[in-house]
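Results of the structural survey
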Amino acid sequence: MYKNYREIESQEALQELLSSEDVISRCAFQGVDFVAESAAAERVYSDCIFLGCMLSEQVMSRMDNRCYIFPAMRKPFNSFPVGLYDAESLYAGYDPRVEATLKDCYDTRVYRHYVGKGKISSDISEMLARALHDHSISDALHERLAHYDERRVVAVMGGHAVLRTDANFLKIARISKRLTELGYLMVSGGGPGAMEATHLGAWMAGRDDEELREAALTLCVAPCYKDEGWLASAFEVMAKYPRREDFCSIGIPTWFYGHEPATPFASHIAKYFDNSVREDGLLAIAKGGVIYTPGSAGTMQEIFQDAAQNHYETFGFSSPMVFFGEDYWTRQVPVYELLTQLQQRGKYRNLLLSITDDIESVIDYILRFGSAA
């Protein structure tokens, strides 16, 4: 949303505005109730946007012809969410003590509706509602990012199939924990595997390593996201080790891959319908660098998409591409060697490449870039 419009996203903010101005101009109202405010019908509205608001005929009669109204749409999801999701809102209706409740929680209901309508639906109202939802999520995401130096936003990319019992799971969590404690905002695709490890580390920031190991051990009762108890064990860890409010992370999952559950360890969850918007946006915001852990086709796609952004310096400068796992990235999937050779031949420029097996080296490389600005 363009920032030359004032954003009014709560009932309290609406009340304050109504008490201070008679002519209200260039405001974007989102999800607020004008019917409940008697003063609303006495104001004049000029060049305002109303997104999913409750409006009376009296209020609408006070609008000039530069106002736009986008009514709430009847879907199982809100087309105009006023903020990012979190574990409580995304999994509303889920009781960790009763596994069967997962089938009827908010996230599952939305995914069921999404699949039922078709990932690419012929229903224009459905596609419009999804686009409006994703626009609101992007707006809320960038509001959250505004609290951070852009060079201190770091992404971890890697496979969803990484088991909680895999040695890399705890290593990724340790990297994320340290960077979070050093003032970095960790982001990921918000799913299981390496993504979950990223947010577990951020969640445990401020605690000692023994507590992190105990938390990871608790999760091992359900190593794979397909195992019963995967989500319940995460909620168990969250209850035992509450997150410190000053440490956050952002997961960016998608209903396009809705069969993969979103990790509840992300303090803020920007869940999208459109995977292309989500993929491009995730790499775009990680201006502090991307740490690549072993993964398959999705991770390969992200590597080359990131390389193109860095080559063209799409967002003003190039950011580090740190490959964690020398054997994997040079022998099993020799992407690092390929990128190095292509840069030497001039096919790529501006790539800041590094590769290591050492946690401290990963952290040091990210810190050196972040402090070089």
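Notes on the structure in this doc start here.

Conventions we followed
Residues numbered from 1 in each chain as written. Predicted model: local features only at pLDDT ≥ 70, side-chain atom pairs only at ≥ 80, totals over all residues. Heavy atoms only, no water. Helix = DSSP H or I, 4+ residues; strand = E, 2+ residues; numbered from the N terminus. Buried < 20%, exposed > 50% of the residue type's maximum accessible area, 1.4 Å probe, protein only. Contact = heavy atoms within 4.5 Å. Polar contact = N/O pair within 3.5 Å; in protein donor to acceptor, adjacent residues only side chain to side chain. Phe/Tyr/Trp six-rings, centres within 6.5 Å; stacked < 30°, edge-to-face > 60°. Lys NZ or Arg CZ within 6 Å of the ring centre and 35° of its normal. Axes fitted to C-alpha atoms, helices over the stretch in contact; angles between N-to-C directions. Parallel < 35°, antiparallel > 145°, perpendicular 65-115°, else oblique. Left-handed = near helix turned anticlockwise from the far one by under 90°. Nonpolar A, V, L, I, M, F, W, Y, C, P; charged D, E, K, R; others polar. Salt bridge = Lys/Arg side-chain N within 4 Å of Asp/Glu carboxyl O. Pairing = 2+ DSSP bridges. Right-handed = clockwise from strand over helix to strand, strands pointing away. Core = buried A, V, L, I, M, F, W, Y, C linked by side-chain atoms within 4.5 Å.

**Side note on the environment of Gly201**
Assignment of secondary structure puts Gly201 in helix α7 (residues 194–203). Its relative accessible area of 0% is what places Gly201 among the buried residues. Linking Gly201 and Leu170, residues 31 residues apart in sequence, is a C-alpha distance of 8.3 Å. In this view, Gly201 contacts Ala173, Ser176 and Lys177; residues no more than four positions away in its chain are not counted.

**Brief notes about the environment of Ile366**
You can see Ile366 is positioned in helix α14 (residues 359–371). By relative accessible area, Ile366 is classed as buried at 0%. Considering only alpha carbons, one finds Ile366 and Ser318, 48 residues apart in sequence, at a separation of 13 Å. Beyond its immediate stretch of four places on either side in the chain, Ile366 contacts Val154, Leu179, Tyr184, Gly288, Gly289, Ile291 and Val322.

**With respect to the side chain of Ser249**
On the secondary structure map, Ser249 appears in strand β9 (residues 249–251). Only 2.8 Å separates the side chain of Ser249 from the side chain of His199, close enough to count as a polar contact. Those residues within four positions of Ser249 in sequence are excluded, and the remaining contacts are Leu185, Met186, His199, Ala202, Phe265, Ala266, Ser267 and His268.

**A closer look at the packing of aromatic side chains**
A complete count under the given rule lists 21 aromatic pairs for this structure. Taking the centre distance of 5.1 Å and the plane angle of 15 degrees together, the rings of Phe29 and Phe50 count as stacked. Placement of the pair is Phe29 in strand β3 (residues 27–30) and Phe50 in strand β5 (residues 49–51), with a sequence separation of 21 residues. Here the two residues Phe29 and Phe50 agree in accessibility, since each one is buried. Among the aromatic residues, those joined into a ring-pair cluster are Phe77, Tyr85, Tyr106, Tyr114, Trp255 and Phe273. Above the face of the Phe256 ring, Lys119 is positioned so that its terminal group lies 4.5 Å from the ring centre. Sitting over the face of the ring of Phe317, Arg151 holds its NZ or CZ atom 4.1 Å from the ring centroid.

**Some details on the packing of helix α6 (residues 167–181) against helix α8 (residues 209–219)**
Where α6 meets α8, the axes come as close as 11 Å, and the angle between the chain directions of the two elements is 140 degrees. If you check the angle between α6 and α8, you find them oblique. Viewed along their axes, α6 and α8 form a crossing whose handedness is right-handed. Here Phe169, Leu170, Ala173, Arg174 and Lys177 of α6 come into contact with α8, specifically with Asp209, Leu212, Arg213, Ala216 and Leu219. Here the contact of α6 with α8 is built from residues that sort into 6 nonpolar, no polar and 4 charged.

**Side note on the pattern of salt bridges**
The tally for this structure, following the rule as stated, stands at 22 salt bridges. In this structure, Lys287 engages Glu150 in a salt bridge whose closest nitrogen and oxygen atoms are separated by 3.2 Å. In this pair, Lys287 is assigned in the loop between α10 (275–285) and β11 (290–292) and Glu150 in the loop between α5 (124–145) and β7 (153–157), connecting sequence segments 137 residues apart. Judged by relative accessible area, which is 39%, Glu150 ranks as partly exposed. In this structure, Glu196 and Arg164 form a salt bridge, with 2.6 Å as the shortest nitrogen-oxygen distance. Of this pair, Glu196 sits in helix α7 while Arg164 sits in the loop between β7 and α6; the two residues are 32 residues apart in sequence, bridging distant segments of the chain. What makes Arg164 buried here is its relative accessible area of 3%. Residues participating in the shared-partner salt-bridge network are Lys75, Glu126 and Arg130.

**Overview of the pairing of β7**
Buried residues dominate β7, accounting for 5 of its 5 residues. Because side chains alternate across β7, one face comprises the buried residues Val153, Ala155 and Met157, and the other comprises Val154 and Val156, equally buried. Across 3 bridges, β7 lies against strand β8 (residues 185–188) in parallel orientation. Residue pairing across strands places Ala155 opposite Val187, the latter belonging to β8. Since β7 and β8 lie parallel, the crossover through α6 that links them has a hand, and here it is right-handed.

**Some words on the nonpolar core**
With 92 residues, the main nonpolar core has Leu200, Ile291, Phe323, Trp329 and Leu339 as its most contacted residues. Among the elements that make up this core, the one with the highest residue count is helix α9 (residues 230–240) (7 residues). If near-sequence neighbours (up to four positions away) are discounted, Leu200 is found in contact with Phe169, Ala173, Leu212, Ala215, Leu219, Val237 and Phe265. Judged by nonpolar contacts, the second largest core, of 18 residues, contains Leu17, Leu18, Ile24 and Val59.

**Re the sheet that holds β5**
Taken in spatial order, the 4 strands of this open sheet run β1-β3-β5-β6, and their pairing is parallel. Single-partner strands in this sheet number two, and they are β1 (6–8) and β6 (68–70). Pairwise comparison of adjacent strand axes, ignoring direction, gives a mean angle of 15 degrees for this sheet. Two elements, β5 and β6, share 3 bridges in a ladder whose sense is parallel. Of the residues in β6, the one forming a bridge with Phe50 is Ile69. In the packing of helix α1 (residues 11–20) onto the sheet, contacts are made with β1 and β3, and the angle to β1 comes to roughly 120 degrees.

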